[in-house]
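Remarks on the overall topology
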Protein chains: 2
Amino acid sequence: MTSTIAEALRFRPGATVAGLDTSATPGFDGAKADAAPVQAARSERLAELQEMLYASSKGADDHRSVLLVLQGMDAAGKGGIVKHVVGAVNPMGVRYTAFGKPTPEELEHDFLWRIRRALPPPGHIGVFDRSHYEDVLIVRVRNLVPPEVWGARYDEINAFERELVDSGTTLVKVAMFISLEEQKEQLLERLDDPTKYWKYNPGDVDERLLWPQYQEAYQAVLDRTSTDYAPWHVVPADRRWYSRLAITELLIDALEGLDLSYPAADFDVATERRRLLDS
Amino acid sequence: MTSTIAEALRFRPGATVAGLDTSATPGFDGAKADAAPVQAARSERLAELQEMLYASSKGADDHRSVLLVLQGMDAAGKGGIVKHVVGAVNPMGVRYTAFGKPTPEELEHDFLWRIRRALPPPGHIGVFDRSHYEDVLIVRVRNLVPPEVWGARYDEINAFERELVDSGTTLVKVAMFISLEEQKEQLLERLDDPTKYWKYNPGDVDERLLWPQYQEAYQAVLDRTSTDYAPWHVVPADRRWYSRLAITELLIDALEGLDLSYPAADFDVATERRRLLDS
C-alpha cells in the first residue's frame with residue numbers, strides 16, 4: 001500500500017500541472033468507503049512511527065527529524081491535512097507553523113530566516129502550512145520582488161534543503177492540487193456557513209483569477225526544486241478522503257525509510273528494578 | 001457533568017496534599033467502562049470549542065488564549081494527557097512546550113524568561129508540560145537556589161499570572177497526584193517494556209526518595225498560588241481514565257467560560273458570492 005501510493009505521487013520530470021487529473025486517486029483502487037478503514041489503520045501506524053522517532057531522539061545521538069511541507073492553492077485542503085493527518089499523532093512530537101504574509105520584521109531578513117526558526121527539533125515532525133515556496137509562488141505571480149531576486153531562489157532553496165537533509169531532516173514535500181471548479185465549490189461552502197466565514201478571505205478570489213499564473217509558478221517549483229534528496233509529491237486533492245490517505249502514506253513512507261528503533265537502555269535494567277523496589 | 005467535575009477539583013484553602021485520595025474520581029460516579037463514551041463525546045466538544053477559540057482570534061480584536069499548566073511527579077500521567085486530551089484537538093491551535101532542566105542560556109535569565117517565550121498566541125491553547133512551578137518545586141526541594149530566592153517566587157508567580165489573565169489568557173492549572181505505590185507500578189512498567197526504556201530515568205528514583213519534601217513543596221504551591229484569577233485544580237491520577245476525563249472537563253469549563261462565538265463576516269457575503277460565481 002504505502003509504497004504504491006508514495007511511488008505513484010512522486011513528481012516525475014516532464015509531468016505537468018496542467019495535465020493533472022485532480023480527481024484521480026493514484027495508487028488506490030477503492031472508493032471513499034473503502035478508504036475509511038485503511039485510513040484508521042494507517043493513522044495508527046503513523047502514530048506508532050512518530051513515537052519511535054521521538055523516542056529515538058531521546059537515546060544516544062539521534063538527531064533526525066521529519067519536515068512535512070504543505071503547499072496548495074486556497075481551499076486545497078491543507079487545513080484538513082493538519083487536522084486529520086497530523087492530528088492523529090502525539091502533539092508532543094509535532095511542531096506546526098503556518099507561514100502567512102511576512103511581518104515587517106520577517107521582511108527585514110532573508111526569505112529563509114523565518115523558515116529556519118521554525119525547523120523541527122530532533123525527534124519531531126515539523127509541519128509547514130505554506131513555506132519558503134511562497135517566495136517563488138505568490139511572490140513571483142504578484143511581482144513582489146524583482147525577477148532576478150525570485151529567480152535566484154530556486155537554487156537557494158535547493159541548497160538550503162540539501163543542508164537540511166545533510167543535518168538529518170527528511171523532507172516530505174507535498175503539492176496539493178484541486179480543480180478550479182472544486183475550489184469554487186469549497187469557497188462557496190465557506191460563504192454558505194456562518195461558522196466558516198472566518199476561513200474566507202476576499203483576497204482568495206483575486207488569487208483565483210490568477211490561476212494560470214499560479215499553475216505556471218507551481219510548474220517551475222516542481223521542475224526546478226524536485227531533487228533526489230528532497231523530491232516533490234503531487235497530490236490530486238479534489239477528493240479529500242484521498243489526499244488525507246495519500247499524505248498519511250507519504251509520512252509513513254518517510255518514517256519507515258528511517259529504519260527507526262526504540263533506543264536501548266542507558267542504565268542497567270536489573271539494578272534499576274532493585275532500586276525501585278527498595279524505594 | 002462539566003461543572004460537577006471542575007468544581008469538585010478546584011483547590012479549596014485548607015485542603016491538604018497528604019490527605020488526598022489519589023484513587024478517587026471526584027464528580028464522576030461511574031467506572032472506567034462508563035467513562036469511555038463520555039470521554040469520546042467530551043473530546044469532541046473540546047475540539048469544537050478549540051476551533052471556536054481559534055476562529056474567534058481571526059475575527060476582529062479577540063486576543064484571548066488558554067494556557068493549560070500541567071504539574072505532577074514523574075509518571076503522574078502528564079504525557080498521557082498531552083497524547084489523549086490535547087491530542088483530541090486540532091494541532092493547528094495548540095502550542096505545546098515541555099520544560100525540562102534549564103539550559104545554560106535559560107539559567108542566565110530570570111526564571112520566567114523561558115516561560116514568557118512559550119506563551120500561546122491569541123486563539124491558541126498553550127500546553128505547559130511542567131512549567132514555572134518547577135522553580136518552586138524541584139528548585140526548592142533540591143536547594144538549587146537560596147531560600148530567599150525561591151521564597152520570593154510565589155508572589156512573583158502570582159503577579160505574572162495576574163498579568164497573563166489581564167492580557168486575556170485563561171489559566172487552567174492542574175496538579176496531578178498519584179500515590180507512591182502507583183508511581184512504583186508505573187516506573188516498573190517502563191523497566192518491563194524495552195519500548196518504554198526511553199521514558200525511564202534513574203534520577204526518577206532519587207526524586208522519589210524525596211516524596212515527603214515534594215508533597216510539602218506542592219502544598220506550598222497550592223496554598224500560595226491558588227488565586228481567584230488563576231486557581232489550582234487538584235486531580236487524583238491513579239486512575240488514568242479519570243484524570244483524562246477530568247482534564248478534558250477542566251478545559252471545556254475554561255473554554256465555555258469564554259462565551260465564544262464564530263466571528264461575523266468582515267465582508268459582504270452576497271457580494272463575495274457573486275464575485276466567486278463570476279470567477
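Note that the structure is predicted; figures quoted are calculated from it, not measured. (Residues numbered from 1 in each chain as written. Chains lettered and ligands numbered in written order. Predicted model: local features only at pLDDT ≥ 70, side-chain atom pairs only at ≥ 80, totals over all residues. Heavy atoms only, no water.)

Side note on the overall build of chain A
Applicable threshold: To qualify as a helix, a DSSP run of H or I must reach at least 4 residues; to qualify as a strand, a run of E must reach at least 2; elements of each kind are numbered from the N terminus. Taken over C-alpha atoms, the radius of gyration is set against a globule rule of 2.2 Å times the number of residues to the power 0.38. Exposure is judged per residue with a 1.4 Å probe applied to protein chains only, and the accessible area is read against the type maximum: over 50% gives exposed, under 20% gives buried, and values in between give partly exposed. It only takes one pair of heavy atoms within 4.5 Å for two residues to be counted as in contact. Under this rule, positive means Lys or Arg and negative means Asp or Glu; His and the chain ends count for nothing. Here the site of a charge means atom NZ of a Lys, CZ of an Arg, CG of an Asp or CD of a Glu.
In terms of regular secondary structure, chain A is built from 12 helices and five strands. Computed over its C-alpha atoms, the radius of gyration of chain A comes to 20 Å, within 12% of the 19 Å expected for a compact globule of 279 residues. Taken along its principal axes, the extent of the C-alpha atoms in chain A is 70 × 45 × 40 Å. Looking at chain A residue by residue over its 279 residues, the buried ones come to 53%. Considering only residue pairs separated by 6 or more positions, chain A has 81% of its internal contacts joining residues 24 or more positions apart. Within chain A, one finds 32 positive and 44 negative side-chain charges whose respective centroids are separated by 2 Å.

Some remarks on the sheet that holds strand 4 (residues 169–177) of chain A
All names here are of chain A. Defined as follows: The pairing criterion is simple: DSSP has to find at least two bridges between the two strands. To get an axis, a line is fitted to the C-alpha atoms, and for a helix only the part in contact is used. The angle between two axes follows their N-to-C directions and goes from 0 to 180 degrees.
Spatially, five strands are ordered 2-3-1-4-5 in an open sheet, and the strand pairing comes out parallel. Two strands lie at the open edges of the sheet, namely strand 2 (94–98) and strand 5 (232–236), each paired on one side alone. For this sheet, the mean angle separating the axes of adjacent strands, direction not counted, is 20°. Packed onto the sheet, helix 11 (residues 240–256) meets strand 1 (65–72), strand 3 (125–129), strand 4 and strand 5 and runs at close to 165° relative to strand 4.

Let's talk about the interface of chain A and chain B
This is how the line gets drawn: Defined in terms of a 1.4 Å probe, buried area is the accessible area two parts forfeit on being brought together, summed over both. Basic side-chain nitrogens of Lys or Arg form a salt bridge, by our definition, when they fall within 4 Å of a carboxyl oxygen of Asp or Glu.
Facing 41 residues of chain A, the contacting portion of chain B comprises 41 residues. Together chain A and chain B conceal approximately 4,000 Å² of surface at their shared face, both sides included; 69% is due to carbon and sulfur atoms. Its largest share of buried area at the contact with chain B, chain A owes to Met92, Trp198 and Leu276 of chain A, together 18% of the area lost on that side. Across the contact surface, chain A and chain B share six salt bridges. Between Asp192 of chain A and Arg273 of chain B there is a salt bridge, and its shortest N-O distance comes to 2.6 Å. Secondary structure elements with two or more residues in the side of chain A that touches chain B: helix 2 (32–58), helix 3 (78–85), helix 8 (180–192), helix 9 (203–208) and helix 12 (269–278) of chain A.

Topic: the pairing of strand 4 (residues 169–177) of chain B
All names here are of chain B. Extensive coverage of strand 4 is indicated by the burial of eight of its nine residues. Taken together, the eight bridges between strand 1 (residues 65–72) and strand 4 define a ladder with parallel strand orientation. Considered in strand 4, the bridge of Ser65 is made with Thr169. As defined by bridge partners, strand 4 adjoins strand 5 (residues 232–236) across five bridges and the pair is classed as parallel. For Val174, the partnering residue across the bridge sits in strand 5 and is His233.

Section: the UniProt feature "domain: Polyphosphate kinase-2-related" (unreviewed entry) in chain A
The test is simple: UniProt positions are given in the numbering used here, feature names are shortened, and annotations may be inferred rather than shown by experiment.
Using the residue numbers shown here, the UniProt feature "domain: Polyphosphate kinase-2-related" (unreviewed entry) corresponds to residues 44–257 of chain A. For residues 44–257 of chain A, helix accounts for 50% and strand for 15%, while the C-alpha atoms at its two ends are 17 Å apart.

Description of the relation of the copies chain A and chain B
The test is simple: When the copies are overlaid, the least-squares fit takes in C-alpha atoms only where the residue has pLDDT of at least 70 in both copies.
Laying chain A over chain B is done by rotating through 180° and shifting 0.0 Å along the axis; what remains is an RMSD of 0.0 Å. Between the two chains, the operation in question is that of a two-fold axis. Of the residues that chain A buries at the interface, 100% are likewise interface residues in chain B, meaning the two copies contact each other through the same surface.

Considering the sheet that holds strand 5 of chain B
Residue and element names in this part refer to chain B. The sheet built from five strands is open, its strands ordered 2-3-1-4-5 with parallel pairing. Every other strand in the sheet has two partners, leaving strand 2 (94–98) and strand 5 as the edge strands with one partner each. Each neighbouring strand pair of the sheet contributes to a mean axis angle of 20°, computed without reference to strand direction. Two elements, strand 1 and strand 3 (residues 125–129), share five bridges in a ladder whose sense is parallel. Paired with Leu68 across the strands is Val127, a residue of strand 3. The strands touched by helix 10 (residues 211–225) are strand 1, strand 4 and strand 5; relative to strand 5, the strand with the most contacts, the crossing angle is about 145°.

Examining the packing of helix 3 of chain A against helix 11 of chain A
Residue and element names in this part refer to chain A. In plain terms, the rule: Working rule for angles: under 35 degrees goes down as roughly parallel, over 145 as roughly antiparallel, 65 to 115 as roughly perpendicular, anything else as oblique. In this scheme the crossing of two helices becomes right-handed for a clockwise turn of the near helix relative to the far one and left-handed for an anticlockwise turn of less than a right angle.
Between helix 3 and helix 11, the least distance of the axes is 10 Å, while the angle of their chain directions is 60°. Taken together, the axes of helix 3 and helix 11 are oblique relative to one another. Crossing geometry of helix 3 relative to helix 11 is assigned as right-handed. From helix 3, Gly80, Ile81, His84 and Val85 reach across to helix 11, where they touch Ser243, Arg244, Ile247, Thr248 and Leu251.

Quick notes on unusual backbone geometry
Even without being glycine, Arg130 of chain A reaches a positive phi, approximately 70°. Backbone geometry at Asn143 of chain B places phi at a positive 55°, although glycine is not the residue there. Its location among the elements puts Asn143 of chain B in the loop between helix 6 (138–141) and helix 7 (147–166). By relative accessible area, Asn143 of chain B is classed as exposed at 59%.

Looking at the packing of helix 8 of chain A against helix 12 (residues 269–278) of chain B
To keep it simple, the criterion reads: Gly is put with the polar residues, along with every residue not named as nonpolar or charged; the nonpolar set is Ala, Val, Leu, Ile, Met, Phe, Trp, Tyr, Cys and Pro, and the charged set is Asp, Glu, Lys and Arg.
As a packed pair, helix 8 of chain A and helix 12 of chain B sit with axes 10 Å apart at the nearest point and diverge in direction by 170°. Of the possible angle classes, the one that applies to helix 8 of chain A and helix 12 of chain B is roughly antiparallel. Of helix 12 of chain B, the residues touching helix 8 of chain A (which contributes Lys184, Leu187, Leu188, Leu191 and Asp192 of chain A) are Val269, Glu272, Arg273, Leu276 and Leu277 of chain B. When the residues that make up the contact of helix 8 of chain A with helix 12 of chain B are grouped by side-chain class, the tally is six nonpolar, no polar and four charged.

Let's talk about the packing of aromatic side chains
Going by this rule: Geometry of aromatic contacts follows a simple scheme: Phe, Tyr and Trp rings, the Trp one being its six-membered ring, pair when their centres are within 6.5 Å, and the pair is stacked under 30 degrees between planes, edge-to-face over 60, tilted otherwise. In this analysis the charged atom, NZ for Lys or CZ for Arg, is taken to sit over a ring once it is within 6 Å of the ring centre and within 35 degrees of the ring normal.
As enumerated under the stated definition, the model contains 18 aromatic pairs over all chains in all. Between Tyr54 of chain A and Trp198 of chain B, the ring centres sit 5.8 Å apart and the planes meet at 75°, which makes this aromatic pair edge-to-face. Here Tyr54 of chain A is found in helix 2, whereas its partner Trp198 of chain B is found in the loop between helix 8 (180–192) and helix 9 (203–208) on a different chain. Residue Tyr54 of chain A shares its accessibility class with Trp198 of chain B, and that shared class is buried. Between Tyr133 of chain A and Trp232 of chain A, the aromatic rings sit 4.7 Å apart at their centres with planes inclined by 70°, giving edge-to-face as the arrangement. Placement of the pair is Tyr133 of chain A in the loop between strand 3 and helix 6 (138–141) and Trp232 of chain A in strand 5, with a sequence separation of 99 residues. A network of ring pairs unites the aromatic residues Phe28, Trp241 and Tyr242 of chain A as a single cluster. Cation over ring: Arg162 of chain A sits above Tyr229 of chain A, and NZ or CZ is 4.5 Å from the ring centre. The ring of Phe111 of chain B has Arg153 of chain B lying over it, and the distance from NZ or CZ to the ring centre is 4.5 Å.

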